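Read off the chains here:
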Amino acid sequence: MSDRFDFLEIGDRAPATLPPPDAEPGAAPVFTQPANALKAVEVVGEPGTEVGQFNAPTGLCVDPWGSLYVADSNNHRVQRITPAGEVYVFGRPGASSGQMWGPQGVAVYPSGRFLFVAEQGTHRIHCFRFDNGQTSGFITGFRGPSGVAFDSDGMLWIADTGNGRLLRLDTTSGDFIGTIDSASGVQRPIAIACDSSGSIFVVEGAQEDVVRYSTQGVRLSAVSEFRRLSAPRAVAVDRQGRIYVAEAGLNRLHVLEPHGASIMTFEGQAGSIPLKSPGGVAIGPNDEIYLADTLNHRVLRLVWA
């Protein structure tokens with residue numbers, strides 16, 4: 001049994017211990033298992049306001065050591081859960097430095113040193129230190145930002161939802177070095193994922209689509225070329241290029257081939273509770289899939305079976 005929490009658990013071996021923050025993450029094994037079906041092997045969290053509990057979790061990310069970060073949106077905080085089950089809280093309700101209101105997207109700096117949070121309620125991107133949870137400042141000038149992700153060059157992409165654009169930020173210099181906007185077809189971006197080849201995958205709320213762009217803003221493809229999505233809310237891409245879309249409108253996780261053809265959908269139950277408006281998805285270093293089961297106020301860990 002997993003020891004992540006003492007909540008509802010589904011049988012699985014205990015995760016490995018988290019390395020120290022200054023350790024180099026080990027190379028993850030190559031994922032070779034064929035895509036057959038997804039199985040829920042762990043349920044993380046339960047409804048509530050205490051540490052380790054969630055209220056409408058949305059954005060997810062996983063750092064190189066396997067710690068899970070959850071935008072606990074209606075509790076106005078981010079929770080970091082290590083593989084050993086330790087829980088750390090970033091932020092508290094409010095609009096001052098170190099506080100949050102309506103966090104939606106989370107991204108960890110590639111070295112694992114900093115956490116970036118898209119706060120929709122305060123129209124800013126907040127940066128926290130990995131080691132002590134203290135704020136390192138924030139960036140303003142947005143309108144309801146809802147997604148953040150690092151690309152293969154270590155640049156931070158921001159879904160500036162209300163302004164209908166994507167911004168590329170060099171977090172070292174603090175300079176914006178790229179914009180993708182309406183000229184490329186962006187209307188209402190609500191989530192972002194980046195793959196190892198440099199493609200940017202954008203959940204387009206206005207079009208109910210997932211669109212793939214180059215870093216220069218060239219539209220490369222879209223899921224709508226193959227099928228219609230229903231209220232997509234989040235996207236992730238694994239090392240084989242498979243695309244994972246949290247479809248809130250149909251209460252499922254949709255998995256597609258790199259070119260957009262459907263592989264399967266996960267609509268299964270975990271603990272006899274069906275999915276309810278999933279709003280976040282992330283891939284771990286060993287190709288495990290984390291899914292924010294938003295209106296069930298929990299996160300599922302899935303593996304290929």
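Please read these numbers as outputs of a predicted model, since none were measured by experiment.

### Brief notes about unusual backbone geometry
Not every positive phi belongs to a glycine, and H76 is a case in point at roughly 55°. Secondary-structure assignment places H76 in the loop between strand 3 (68-72) and strand 4 (77-81). One non-glycine residue, E208, adopts positive backbone phi at about 50°. Along the polypeptide, E208 turns up in the loop between strand 15 (200-204) and strand 16 (209-213).

### A few points about the side chain of T122
With respect to the helices, strands and loops of the structure, T122 is situated in the loop between strand 7 (114-119) and strand 8 (124-129). According to the relative accessible area criterion, T122 is buried, its value standing at 19%. Within the local environment of T122, its side chain forms a polar contact with the side chain of R124, the two groups lying 3.2 Å apart. Sequence-distant contacts of T122, defined by excluding residues within four places in its chain, comprise G94, A95 and W101.

### Observations regarding the confidence of the model for the protein
Residues of the protein with pLDDT of at least 70 account for 86%, and the chain-wide mean is 87. Contacts of residues 1-34 to residues separated by more than four positions or lying in other chains number 83 contacts, the stretch itself having pLDDT below 50.

### Looking at the nonpolar core
Counting 19 residues, the largest nonpolar core has L38, L253, F266, I289 and L302 as the members making the most contacts within it. Counting only elements with at least two residues in this core, the list comes to strand 1 (38-44), strand 18 (232-237), strand 19 (243-247), strand 20 (252-256), strand 21 (262-266), strand 22 (280-283), strand 23 (289-293) and strand 24 (298-304). In this structure L38 touches L253, V255, M264, F266, I289, L302, V303 and W304, once residues within four positions along its chain are discounted.

### So, the sheet that holds strand 16
Strand order in the open sheet made by the four strands is 14-15-16-17, with antiparallel pairing throughout. Looking along the sheet, the strands with just one partner apiece sit at the ends: strand 14 (189-194) and strand 17 (219-222). Neighbour-to-neighbour, the strand axes of the sheet open up by a mean angle of 25°, direction not taken into account. Bridging between strand 14 and strand 15 involves five bridges; their strand directions are antiparallel. Paired with P189 across the bridge in strand 15 is E204.

### Some thoughts on the pairing of strand 24
Burial analysis of strand 24 places six of its seven residues in the buried class, which makes it a mostly covered element. Summarising the sheet, strand 1 and strand 24 pair through six bridges and their orientation is antiparallel. Bridge assignment links L38 to a residue of strand 24, and that residue is W304. In terms of strand pairing, strand 23 meets strand 24 through five bridges, oriented antiparallel. Opposite L291, over in strand 24, you have L300 as the bridge partner. Remark: four residues form the turn of the hairpin made by strand 23 and strand 24, two consecutive strands paired antiparallel; H297 in that turn has positive phi of roughly 60°.

### Structural notes on the sheet that holds strand 3
Across the sheet, four strands lie side by side as 2-3-4-5; this open sheet has antiparallel pairing. Each edge of the sheet is formed by a strand with only one pairing partner; in this case those strands are strand 2 (57-62) and strand 5 (87-90). Neighbour-to-neighbour, the strand axes of this sheet turn through a mean angle of 20°, independent of strand direction. Pairing analysis gives five bridges linking strand 3 to strand 4, with the strands arranged antiparallel.

Calculation rules
Residues numbered from 1 in each chain as written. Predicted model: local features only at pLDDT ≥ 70, side-chain atom pairs only at ≥ 80, totals over all residues. Heavy atoms only, no water. Helix = DSSP H or I, 4+ residues; strand = E, 2+ residues; numbered from the N terminus. Buried < 20%, exposed > 50% of the residue type's maximum accessible area, 1.4 Å probe, protein only. Polar contact = N/O pair within 3.5 Å; in protein donor to acceptor, adjacent residues only side chain to side chain. Contact = heavy atoms within 4.5 Å. pLDDT = per-residue confidence, 0-100. Core = buried A, V, L, I, M, F, W, Y, C linked by side-chain atoms within 4.5 Å. Pairing = 2+ DSSP bridges. Axes fitted to C-alpha atoms, helices over the stretch in contact; angles between N-to-C directions.

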